[in-house]
Amino acid sequence: ATRELQPFGPALYTVAAAERSGRPRPVLATSRTLSGQLSPDGKSLLFARGSSDWPRRGYRGDASADLYLHPLGTKQARRLTDFDGQDMWPQWLPGGREALYVSERDGTHNLWKIDVATGRATQVTRHKGDGVRFPGVAADGSRVAYEIAG
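Conventions used here
- Residues numbered from 1 in each chain as written.
- Predicted model: local features only at pLDDT ≥ 70, side-chain atom pairs only at ≥ 80, totals over all residues.
- Heavy atoms only, no water.
- Helix = DSSP H or I, 4+ residues; strand = E, 2+ residues; numbered from the N terminus.
- Buried < 20%, exposed > 50% of the residue type's maximum accessible area, 1.4 Å probe, protein only.
- Contact = heavy atoms within 4.5 Å.
- Salt bridge = Lys/Arg side-chain N within 4 Å of Asp/Glu carboxyl O.
- Phe/Tyr/Trp six-rings, centres within 6.5 Å; stacked < 30°, edge-to-face > 60°.
- Lys NZ or Arg CZ within 6 Å of the ring centre and 35° of its normal.

Turning to the overall build of the protein chain, a few remarks are in order. Scanning the protein chain from terminus to terminus reveals one helix and 12 strands. Across the protein chain, helices and strands are ordered from the amino to the carboxyl terminus as α-β-β-β-β-β-β-β-β-β-β-β-β. Counting every position in the protein chain, which comprises 150 residues, the buried fraction comes to 40%. A separation of at least 24 residues holds for 33% of the contacts in the protein chain among residues at least 6 apart in sequence.

Although it is not a glycine, W89 sits at a positive phi angle of roughly 55 degrees. Judged by its relative accessible area of 7%, W89 falls in the buried class. Positive phi, close to 50 degrees, is recorded for F134, a residue that is not glycine. Looking at the secondary structure, you find F134 in strand β11 (residues 132-137).

On inspection of all chains with the given rule, the structure shows four salt bridges. The salt bridge involving R79 is made with D66; its shortest N-O contact spans 2.5 Å. In this pair, R79 is assigned in strand β6 (residues 78-79) and D66 in strand β5 (residues 66-71), connecting sequence segments 13 residues apart. Look at D66 and you get buried, because its relative accessible area is 4%.

Quick look at the packing of aromatic side chains now. This model, assessed by the stated rule, comprises two aromatic pairs. Between F47 and Y68, the aromatic rings sit 5.7 Å apart at their centres with planes inclined by 15 degrees, giving stacked as the arrangement. Taken together, the residues F47 in strand β4 (residues 44-49) and Y68 in strand β5 connect sequence positions 21 residues apart. A residue is classified by how much of its surface remains accessible, and Y68, at 12% relative accessible area, is buried. With a centroid separation of 4.9 Å and 45 degrees between ring planes, the pair formed by W89 and F134 is classed as tilted. A residue pair is termed long-range when its members are at least 10 positions apart, and W89 in strand β7 (residues 87-92) and F134 in strand β11 qualify at 45 residues. Above the face of the W112 ring, R105 is positioned so that its terminal group lies 5.6 Å from the ring centre.

In structure tokens form, the structure reads like this:
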């Protein structure tokens, strides 16, 4: 069933967390989906779409990833970022109006924050050299844990 809706690349599914062996349900029929996260209210999926979710420093091209917002129950996804490099690993912030993600817009993979309604992005970290990987936001949004490559 994994490749029924996703002929190219990984598929994104949801499953009821309270069930011991819930039935996975495909979320969106689109190719090249990468990491995703449900909104705090459970009504939308924020995800990256591209050919690779591994950071390749300085890469620009067709395998680059951008962020998308998909309201569950619809067949549409709205593009939130449009950068020729990698925008990946989106994480919702409490309240569901903003999210953190990793981008290489400044030449190094750093954390950025985006307003999902307007698409306005602001830089959060300013690492040089090796960059941010695998961010995880605390449930209350007070901190972010991440790895630095290298």
